[in-house]
Amino acid sequence: YEVALLRYIYYHNWFARADPAVYCPMGDCAGEYLAQLFWVGVQGEDIAIVRENAQLGPVINQEPAEFELHYKSIDGLYNLGLLPQQAQNMLKSSWTARCDTNSFATVGFSLLAEEIDDVVTHTVECPSDLRLQEHMYVSPRLMMREQFDDLHMAFYFDLRPFVKMDALYNLINTFNILVLLIVVSLMFSSDANRLIVNPVERMIKRVEAIRDDPLIAMKMADEEFKAEEVAKARKKRAKKEYAKFLLSELASGNFCGSGQNAPMETVILEKTIIKLGSLLALGFGEAGANIIGHNMKGGDSAGVNAMIAGSRVECIIGVVRIRDFSTATEVLQSKIMTFVNQVAEIVHGVVNEFQGAPNRNSGESFLVIWRTEANFDLNVPTATREKAASKLAGCSVVAFVKIVGGLHRSPLLATYRGHPGLQYRLGANCRVNLSFGLHAGWAIEGAVGSEFKIDASYLSPNVSIATSVERATQTYGVSLMVAQSVVELCPQSVVSKCRLIDRVVITGSSQPMEVYCVDLDYRAVSVDTAEPLKIVWNTRNRFKVRQFLESEKAAMESDSFDFAEVFDGDPTIRDMRKRYTVEFFQLFNMGYQNYAQGEWQVARRMLSCTRAILGTEDGPSSALLRHMEIPYQFEAPRDWQGVRDLVTAVVAADAN
């Protein structure tokens, strides 16, 4: 506060104009201007509060002489100048001058309260000692009315030099006004277009673009920020060439830097439209695009109809669940929100990178969607749509694999492994873990709720199936399970990484389906020990990260992108799959085929081997052995078709 106050007083140095030879020896001080600060104080409605805060006003910790010494050696375009010793003493003395106005009680001090030889010949104790046109009142504006009435700073500037010069130039101004009226009449049309018509047209175009594609608002914000950065860079370069900078400032009307501090209202409105659109896109997500677009199309009414009919979409549905969430909630208490957000940052970030859209967060679970028919119309060839759907299916599987690796590499989440409460409840080897389920099918995209609160989400039996697939991960002892509907869409390079582990009947599905797992040993992942990035996550850096992620997403859309390279080239994924050998997969496949064909005794021998061959228990092998043992004692039923009920399997696993 004291440094800021000193800078303000010295910046508008009254004495630098009164005697520039003594108080501005370096030149280029406040004496070049026609208004200088002479009175500083506090104002408010309650004199007691004003007096109490006035006691905090004097400069105590900062020495004006040291402040002057620091800036005296700097020869800048604008210099602060010096203050006489009497004025320096006033800065450190108590604020006692009572100068009430009609609206507020006012207490402060005047730099002109005492006579100073050859400088201050007419003392001014209060601003009212001068005529109304000889002083100017300045106070803070970025505050609420209640705060302003309660207490605020007040500054008064001496305008007497300006009043004198104003009287001298009145006749000249009359002539100048005549000239300016002629010039302004010629420039009015240009200014109207530049300041009003063109900005309004840009705003209308942006609103129309958001109406047609609400998700484009996020890109608009990035483009606008990029344009702002480019403009700042150009202005910074132009300042080095002072003549060019001065001409550009004069041409744009930004006299004395006023354009920097007070952007035009049209600019504020345009940026506000972009921000509101970005917030809508962020809040409603991909599922709410139709809701936003539908309500923005009706220009004849301000009414909002959020409860519009849903639309059917083909998509890949992913369900992610935090394991042992209820225990974590009991242990972490208020910190559970931070914990969930830390997990969500990884889940949402990776899903977005791999072309997906995070949709619903409900405590322990996340719903994510890959729309396989997005951005296609009937004119797009079927082969093109199928190829795009295949790539999205591969992206969904790879995204969940990358999330597993990122989750267990995160040093932030690794700290929870040493939490005493979690260790007590979950064991010494506890760690943050997720389970994943993937299923493909149709869903109804739209608003769920009422006129009081809605959520843009997806409803379908296929969502329930995806949830059942995810729940089955606990039955089969794996992290990631993929339904047959997704595997059939995936490219062969991804299918080869999936292991067929059962054929089941799931509630909501009319036909039995095969379920697959992607084998991942997360215990083989080491926590990232690299030094964290020492950067401030401000708007500029977040913009750079978004641009990088957009480039990564664009690279995935190219035909040369190979999912096999992700599995084989990523060291974390490679470590998680290192345990699973070709011998293991061959033996399990033979065991599963015997299980499916009803040769359960043979299947028992093979699956017993695969259960222990890895050095740790293989979950799918154990699940199949449990099913054959209880209640069948490894004798296949006569009506065995290689299919079992998933709900029964989950209940049996929970009972065990």
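Keep in mind the model is a prediction, meaning the values are calculated, not measured.

Conventions used here
- Residues numbered from 1 in each chain as written.
- Predicted model: local features only at pLDDT ≥ 70, side-chain atom pairs only at ≥ 80, totals over all residues.
- Heavy atoms only, no water.
- Helix = DSSP H or I, 4+ residues; strand = E, 2+ residues; numbered from the N terminus.
- Contact = heavy atoms within 4.5 Å.
- Areas by Shrake-Rupley, 256 points an atom, 1.4 Å probe, with all protein chains shown as cover.
- pLDDT = per-residue confidence, 0-100.
- Phe/Tyr/Trp six-rings, centres within 6.5 Å; stacked < 30°, edge-to-face > 60°.
- Lys NZ or Arg CZ within 6 Å of the ring centre and 35° of its normal.
- Expected span 1.5 Å × (residues − 1).
- Buried < 20%, exposed > 50% of the residue type's maximum accessible area, 1.4 Å probe, protein only.
- Arc of directions from axis to C-beta.
- Patch = residues over 30% accessible without salt bridge, like charges linked within 9 Å, V, L, I, M, F, W, Y side chains within 5 Å.
- Salt bridge = Lys/Arg side-chain N within 4 Å of Asp/Glu carboxyl O.
- Pairing = 2+ DSSP bridges.
- Axes fitted to C-alpha atoms, helices over the stretch in contact; angles between N-to-C directions.
- Disulfide = S-S within 2.5 Å.
- Parallel < 35°, antiparallel > 145°, perpendicular 65-115°, else oblique.
- Nonpolar A, V, L, I, M, F, W, Y, C, P; charged D, E, K, R; others polar.
- Core = buried A, V, L, I, M, F, W, Y, C linked by side-chain atoms within 4.5 Å.
- 1 Å grid on protein atoms, 1.4 Å probe; cavity = no way out; pocket = protein on both sides within 12 Å on 5 of 7 lines; lining within 4 Å.
- Points joined across faces, edges and corners; volume = space filled by probe spheres on them.
- Left-handed = near helix turned anticlockwise from the far one by under 90°.
- Bend = angle between axes of the 7 residues up to and from the residue.

### Examining the overall build of the protein chain
Phase 1: Broken down by element type, the protein chain carries 28 helices and 14 strands.
Phase 2: Counting only contacts in the protein chain whose residues sit at least 6 apart along the sequence, the fraction spanning at least 24 positions is 72%.
Phase 3: Counting only carbon and sulfur atoms, one obtains 55% of the accessible surface of the protein chain, whose full area is about 36400 Å².

### Overview of the confidence of the model for the protein chain
Phase 1: Summarising the model, the protein chain shows a mean pLDDT of 84, and 90% of its residues fall at 70 or more.
Phase 2: Counting interchain partners and residues more than four positions distant, the pLDDT-below-50 stretch residues 255-260 has 6 contacts.

### Details of the packing of aromatic side chains
Note on aromatic pairs: each is described by the distance of the centres and the angle between the planes.
Phase 1: Tallied over the entire structure, the rule returns 22 aromatic pairs.
Phase 2: Relative to Phe155, the ring of Tyr8 has its centre 4.7 Å away and its plane inclined at 50°; by these criteria the two rings are tilted. Residue Tyr8 is found in helix 1 (residues 2-11), and its partner Phe155 is found in strand 5 (residues 152-158); the two are separated by 147 residues along the sequence.
Phase 3: Taken together, Tyr592, Tyr595, Trp600, Tyr632 and Trp640 form an aromatic cluster joined through their ring pairs.
Phase 4: Just above the ring of Phe588 sits the side chain of Arg499; from NZ or CZ to the centre is 4.4 Å.
Phase 5: Positioned over the ring face of Tyr522 is Arg523, at 5.3 Å from the centre of the ring.

### Examining helix 26 (residues 600-613)
Phase 1: End to end, helix 26 covers 19 Å across 14 residues, agreeing with the expected 20 Å (1.5 Å per residue, within 8%).
Phase 2: Taken together, the buried positions of helix 26 are occupied by Trp600, Ala603, Met606, Leu607 and Thr610. The arc that holds every buried residue of helix 26, seen down its axis, measures 125°, which confines them to one face. Turned more than 90 degrees from where helix 26 packs its buried face, Arg605 and Ala612 sit exposed.
Phase 3: Residues of helix 26 that are buried sit in contact with helix 25 (582-597) and helix 27 (619-629).
Phase 4: Once helix 26 ends, the next one or two residues include Gly615, with phi positive near 90°.

### A closer look at a nonpolar patch on the surface
Phase 1: A grouping of Phe175, Val179, Ile182, Val183, Leu186 and Met187 is seen on the molecular surface, where their side chains present a nonpolar patch of about 600 Å² in accessible area.
Phase 2: Among the secondary structure elements, Ile182 is positioned in helix 8 (residues 160-212).
Phase 3: The exposed category is assigned to Ile182, whose relative accessible area is 56%.

### Focus on the sheet that holds strand 3 (residues 105-110)
Phase 1: In space, the 5 strands of this open sheet follow the order 2-3-1-5-4, with antiparallel pairing throughout. Pairing within the sheet leaves two strands with one partner each, and these edge strands are strand 2 (97-98) and strand 4 (135-138).
Phase 2: Bridge count for strand 1 (residues 36-44) against strand 5 is 7 bridges, and the pairing is antiparallel. Counted as the bridge partner of Leu37 is Phe157 from strand 5.
Phase 3: Sitting on the sheet, helix 1 is in contact with strand 1, strand 3, strand 4 and strand 5, with an inclination near 140° to strand 1.
Phase 4: Each of strand 1, strand 2 and strand 3 touches helix 4 (residues 47-54); the most contacted strand, strand 3, lies at about 25° to it.

### Quick look at the state of the cysteines
Phase 1: With the rule as written, the count across this model stands at 2 disulfides.
Phase 2: Each disulfide pairs two cysteine sulfurs, and for Cys24 the partner residue is Cys29, the sulfurs being separated by 2.0 Å. Across the disulfide from Cys24 to Cys29, rotation about the S-S bond amounts to roughly 90°, and the bridge is consequently right-handed. For the pair Cys24 and Cys29, one class covers both residues: buried.
Phase 3: A sulfur-sulfur distance of 1.9 Å marks the disulfide that ties Cys99 to Cys126. Residues Cys99 and Cys126 are joined by a disulfide whose S-S torsion is about -70°; by sign, that bridge is left-handed.

### Considering the packing of helix 5 (residues 64-72) against helix 6 (residues 85-92)
Phase 1: In the contact formed by helix 5 and helix 6, the axes pass within 10 Å of each other and the chain directions differ by 120°. Compared by their axis directions, helix 5 and helix 6 come out oblique. Contacts from Pro64, Ala65 and Glu68 of helix 5 reach helix 6 at Gln88, Leu91 and Lys92.
Phase 2: Counted by class, the contact of helix 5 with helix 6 contains 3 nonpolar, 1 polar and 2 charged residues.

### Quick word on the nonpolar core
Phase 1: Core analysis: the largest hydrophobic core is formed by 86 residues, its most contacted members being Phe339, Val343, Trp370 and Phe400.
Phase 2: The element contributing the most residues to this core is helix 16 (residues 382-409), with 11 residues.

### Focus on empty space enclosed by the protein
Phase 1: All chains considered together, the criterion is met by 1 cavity of 30 Å³ or more.
Phase 2: Quantified by volume, the largest cavity comes out at close to 30 Å³.
Phase 3: As for the largest cavity, its lining consists of Leu407, His408, Ser410, Leu413, Ala414, Arg417 and Val432.
Phase 4: Contributing elements (two or more residues each) for the lining of the largest cavity: helix 16 and helix 17 (411-414).

### Overview of the packing of helix 1 against helix 5
Phase 1: Helix 5 packs onto helix 1 with a crossing angle of 65° between their chain directions and a minimal axis gap of 11 Å. In terms of axis orientation, helix 1 runs roughly perpendicular to helix 5. Where helix 1 crosses over helix 5, the two elements pack in a sense that is right-handed. Residues Val3, Leu6, Arg7 and Tyr10 of helix 1 form the contact with helix 5, whose participating residues are Pro64, Phe67, Glu68 and Tyr71.

### Focus: the environment of Leu112
Phase 1: Structurally, the position occupied by Leu112 is in the loop between strand 3 and strand 4.
Phase 2: For the pair Leu112 and Phe38, spaced 74 residues apart in the sequence, the C-alpha separation amounts to 6.5 Å.
Phase 3: When neighbours within four sequence positions are excluded, Leu112 is seen to be in contact with Trp14, Phe15, Phe38, Val120, Thr123, Val124, Asp158 and Arg160.

### Notes on helix 8
Phase 1: The end-to-end C-alpha distance of helix 8 is 58 Å, clearly below the 78 Å that 53 residues give at a rise of 1.5 Å each.
Phase 2: At Asn170, helix 8 shows its maximal kink, close to 55°.
Phase 3: Looking only at helix 8, the buried set comprises Arg160, Pro161, Ala192, Pro199, Met203, Arg206 and Ile210.

### A short note on the pattern of salt bridges
Phase 1: Summed over all chains, the structure comprises 18 salt bridges.
Phase 2: Here Glu314 makes a salt bridge to Arg312, at a shortest N to O gap of 3.7 Å.
Phase 3: When its relative accessible area of 32% is taken as the criterion, Glu314 is described as partly exposed.
Phase 4: With a closest N to O distance of 2.5 Å, Asp519 and Arg499 form a salt bridge. Linking Asp519 in the loop between strand 13 (513-518) and helix 22 (539-556) with Arg499 in strand 12 (residues 498-505), this pair joins segments that are 20 residues apart in sequence. No difference in accessibility class separates Asp519 from Arg499, as the two residues are buried.
Phase 5: Three or more residues joined by partner-sharing salt bridges are found here, namely Arg499, Asp519 and Asp618.

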